[in-house]
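Here's the letter readout for the chains.
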Amino acid sequence: MIARLTGILAETAADHAVIDVAGVGYAVLASTRTLDAIGPVGSAVLLLTELQVREDSMTLFAFANAAERESFRHLTSVQGVGGRVALAILSVLDPTELATAVAHGDKAMVARANGVGPKLAQRIVNELAGKLGTPALAGVAGSAPPKGTTAQDALSALANLGFKPAEASAAVTAAATDLGEAATLDALVRLALRKAAK
């Protein structure tokens, strides 16, 4: 399983990007939200990924943060929602907005995404009810830490230590705010761990 990629952004298009990892180009499908967040071609990027293996293909999906990947996993657990439809939904609704729409049974919000009709939107709202947490918690999970690979690496480090996406994101965001942009990864992780432990 490929869980994340760290490399150089080689190219981007409307629905995908190519990440150069030690000379190997990985094509990843991503939401417009993630594609907008990863920066210009030539910049260093860290993306969380989800590999889907089908009989005739292997597709790698990429996400700017753990909250988006978690929402993707929930969405693709719904019958009729493939990876591309899930990305279309996440392009118009961030994890907070998706959780809010599901919590309020607002199928019209979900149906704003390309390829999602009223019936599928209703199924998504029904099947994900109670699975995305409360909108208040999702709001914390959906608030991405400050852009930059150090914050993303710190978020990944906390996730690897078993912290939930909401806890990790809140702790890293708070630590990055305290330490400023010049913070080292080591300092950011140490402070984020102290904040998460409170």
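The following paragraphs examine the structure supplied in this document.

As paired elements, strand β2 (residues 16–21) and strand β3 (residues 24–30) share six bridges and run antiparallel to each other. Paired with Ala 17 across the strands is Val 28, a residue of β3. The turn joining β2 and β3, which pair antiparallel and follow one another in sequence, is formed by two residues; a positive phi near 55° is taken by Ala 22. Here β3 runs beside strand β5 (residues 58–63); their pairing, made up of two bridges, is parallel. The residue bridging Ala 30 from the neighbouring strand is Ala 62, located in β5.

Let's shift gears to the pattern of salt bridges. A complete count under the given rule lists four salt bridges for this structure. Across the pair Arg 73 and Glu 70 runs a salt bridge whose closest N-O atoms are separated by 3.8 Å. Taken together, the residues Arg 73 and Glu 70, both in helix α2 (residues 66–76) and three residues apart, mark about one turn of the helix. A salt bridge links Arg 190 to Asp 186; its shortest N-O distance comes to 3.0 Å. Taken together, the residues span about one helical turn, with Arg 190 and Asp 186 both in helix α10 (residues 185–197) at a distance of four residues. Among the ionic contacts, a cluster of salt bridges with common partners joins Glu 50, Glu 70 and Arg 73.

With the exception of glycine, the majority of residues adopt a negative phi angle, and the majority of peptide bonds are in the trans configuration. Unusually for a residue other than glycine, Ala 22 sits at a positive phi of about 55°. Here Ala 22 shows up in the loop between β2 and β3. The exposure class assigned to Ala 22 is exposed, which follows from its relative accessible area of 83%.

Glancing now at α2. The element α2 is extensively covered by neighbouring structure, given that eight of its 11 residues are classed as buried. Listed as buried for α2 are Ala 66, Ala 67, Glu 68, Arg 69, Ser 71, Phe 72, His 74 and Leu 75. For α2, the N-terminal capping position is held by Asn 65, with its side-chain oxygen 3.2 Å away from the main-chain nitrogen of Ala 67.

Our focus in this paragraph is the side chain of Ser 31. Here Ser 31 is to be found in the loop between β3 and α1 (32–37). Among the polar contacts listed, one links the side chain of Ser 31 to the backbone nitrogen of Thr 34, at a separation of 3.1 Å. When residues no more than four places from it in sequence are discounted, the contact partners of Ser 31 are Glu 68, Leu 87, Leu 90 and Ser 91.

Rules and cut-offs
- Residues numbered from 1 in each chain as written.
- Predicted model: local features only at pLDDT ≥ 70, side-chain atom pairs only at ≥ 80, totals over all residues.
- Heavy atoms only, no water.
- Pairing = 2+ DSSP bridges.
- Helix = DSSP H or I, 4+ residues; strand = E, 2+ residues; numbered from the N terminus.
- Salt bridge = Lys/Arg side-chain N within 4 Å of Asp/Glu carboxyl O.
- Buried < 20%, exposed > 50% of the residue type's maximum accessible area, 1.4 Å probe, protein only.
- Polar contact = N/O pair within 3.5 Å; in protein donor to acceptor, adjacent residues only side chain to side chain.
- Contact = heavy atoms within 4.5 Å.

Note that every value here comes from positions in space, so none of it alone points to a role or purpose.
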